[in-house]
Amino acid sequence: ELITERIESITLPNVTDVRPLIVIDPGHGGIDPGAVGINGLQEIQVIFPISLRVTELLQQHGANVVLTRQDNRTLDLAPRVQLAERVDADMFVSIHANAISMARPDVNGVETYYYYSSGREVAEFIQDSLLQATGMRDRGVKSARFHVLVNTSMPSTLVEVGFVTGAEDAPLLSDPLF
Ligand code: ZN
């Protein structure tokens, strides 16, 4: 990977220079599996494969990607922000699955969050793309004071890819092909 980048930097220095660097943050891991939903579906089971697939797709499209964690390990919120700042990321995307009471299987759909206006356009783009690709319900683009959104200096978003407690979403989210 490093060798490839060096070769490309010799032949195409300008192209390499403008590659966006995107930090992908799988929202949970290690001792924190995140939310647990229908049939014991854990948030970590949903978001980690998605994070790896998103990384792969972004790399295929010419972006540089840094994951806040490459495997299922515990990671506090502050180090994620520090990593994004240290690598001087152009964009930060935290990937989560949503949950509500097990008594509310009727609640389903995708939400994308931003805090600063710099993240709003990206959040809208991600939300629209997800809705078009999946046909899931639209719960909207929202602003919230999540730690990783408030404390990052680059455009940052947090995606909730559906509800592990949702009767419609859970079967979809538990299917790796979906
Ligand atoms: Zn989460």
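Here the structure is a predicted model, which means the values were calculated and not measured. (Residues numbered from 1 in each chain as written. Predicted model: local features only at pLDDT ≥ 70, side-chain atom pairs only at ≥ 80, totals over all residues. Heavy atoms only, no water.)

Participant: I tried to follow the coordination of the zinc ion on my own but got confused; where do I start?
Facilitator: Ideal geometry at a metal gives 109.5 degrees between four tetrahedral donors and either 90 or 180 degrees between six octahedral ones. Protein coordination of the zinc ion is provided by His28 (NE2), Glu43 (OE) and His96 (ND1), with donor distances spanning 2.0 to 2.1 Å. Ordering the donors of the zinc ion by residue number gives the pattern H-x14-E-x52-H. Residue His28 is found in the loop between strand 1 (21–26) and helix 3 (43–60), and its partner His96 is found in strand 3 (residues 91–98); the two are separated by 68 residues along the sequence. Both residues of the pair, His28 and His96, count as buried. (Donors = N, O, S within 2.8 Å, 3.2 Å for Na, K, Ca; no water. Helix = DSSP H or I, 4+ residues; strand = E, 2+ residues; numbered from the N terminus. Buried < 20%, exposed > 50% of the residue type's maximum accessible area, 1.4 Å probe, protein only.)

Participant: Looking at this model, I keep getting lost on helix 3. Mind explaining?
Facilitator: Owing to its 3.6 residues per turn, the α-helix aligns residues three or four sequence positions apart on the same side. For helix 3, built from 18 residues, the straight-helix expectation of 26 Å at 1.5 Å per residue is met to within 8% by its first-to-last C-alpha distance of 26 Å. Within helix 3, burial applies to Glu43, Ile44, Val46, Ile47, Phe48, Ser51 and Thr55. In this structure, the buried side of helix 3 is in contact with strand 1, strand 2 (64–67), strand 3, strand 6 (156–163) and helix 7 (169–173). In the stretch just after helix 3, Gly62 is the one whose phi turns positive, near 90°. (Expected span 1.5 Å × (residues − 1). Contact = heavy atoms within 4.5 Å.)

Participant: When you look at the sheet that holds strand 4 (residues 110–114) in this model, what are you seeing that I'm missing?
Facilitator: By way of backbone hydrogen bonds, the strands of a sheet pair with one another, either parallel or antiparallel. The strand order 2-1-3-6-4-5 describes an open sheet built from six strands, whose pairing is mixed. Among the strands making up the open sheet, the edge pair consists of strand 2 and strand 5 (138–143). The sheet shows a mean angle of 20° between the axes of neighbouring strands, direction not considered. Where strand 1 lies against strand 3, five bridges are found, and the strand directions are parallel. (Pairing = 2+ DSSP bridges. Axes fitted to C-alpha atoms, helices over the stretch in contact; angles between N-to-C directions.)

Participant: So what exactly am I meant to see when it comes to the pattern of salt bridges here?
Facilitator: It is possible for side chains of opposite charge to pair when their charged atoms get near one another. Tallied over the entire structure, the rule returns eight salt bridges. Arg139 is the partner of Glu111 in a salt bridge, and the nearest nitrogen-oxygen pair spans 2.7 Å. With Glu111 in strand 4 and Arg139 in strand 5, this residue pair connects regions lying 28 residues apart in the sequence. Owing to a relative accessible area of 32%, Arg139 belongs among the partly exposed residues under this scheme. (Salt bridge = Lys/Arg side-chain N within 4 Å of Asp/Glu carboxyl O.)

Participant: I'm lost on the nonpolar core in this one. Help?
Facilitator: What tends to happen in soluble globular proteins is that the nonpolar side chains get buried as a cluster. Ile24, Val46 and Val161 are the most contacted members of the largest nonpolar core, which totals 22 residues. Looking at this core, the elements that each hand over two or more residues are strand 1, helix 3, strand 2, strand 3, helix 5 (120–134), strand 6 and helix 7. Contact partners of Val46, with chain neighbours within four places excluded, come to Leu41, Ala97, Val161, Val164 and Leu173. Core analysis: the next-biggest nonpolar cluster, separate from the first, contains eleven residues, Phe92, Leu149, Met154 and Leu158 among them. (Core = buried A, V, L, I, M, F, W, Y, C linked by side-chain atoms within 4.5 Å.)

Participant: Explanation requested: the confidence of the model for the protein chain in the structure shown.
Facilitator: Atom-level detail of predicted coordinates should not be read off regions where pLDDT is low. Averaged over all residues, the pLDDT of the protein chain is 92; the fraction at 70 or higher stands at 90%. Note on residues 6–15: pLDDT under 50 across the span, and four contacts to partners over four residues away in sequence or across chains. (pLDDT = per-residue confidence, 0-100.)

Participant: How should unusual backbone geometry be read in this particular structure?
Facilitator: For residues besides glycine, phi is generally negative; the peptide bonds are generally trans as well. Backbone geometry places Asn39, a non-glycine residue, at a positive phi of 55°. Summarising the element assignment, Asn39 is placed in the loop between strand 1 and helix 3. Despite not being glycine, Asp88 has its phi angle at roughly 55°, a positive value. Along the chain, Asp88 falls in the loop between helix 4 (77–86) and strand 3. Relative accessible area serves as the criterion here: at 60%, Asp88 is assigned to the exposed category.

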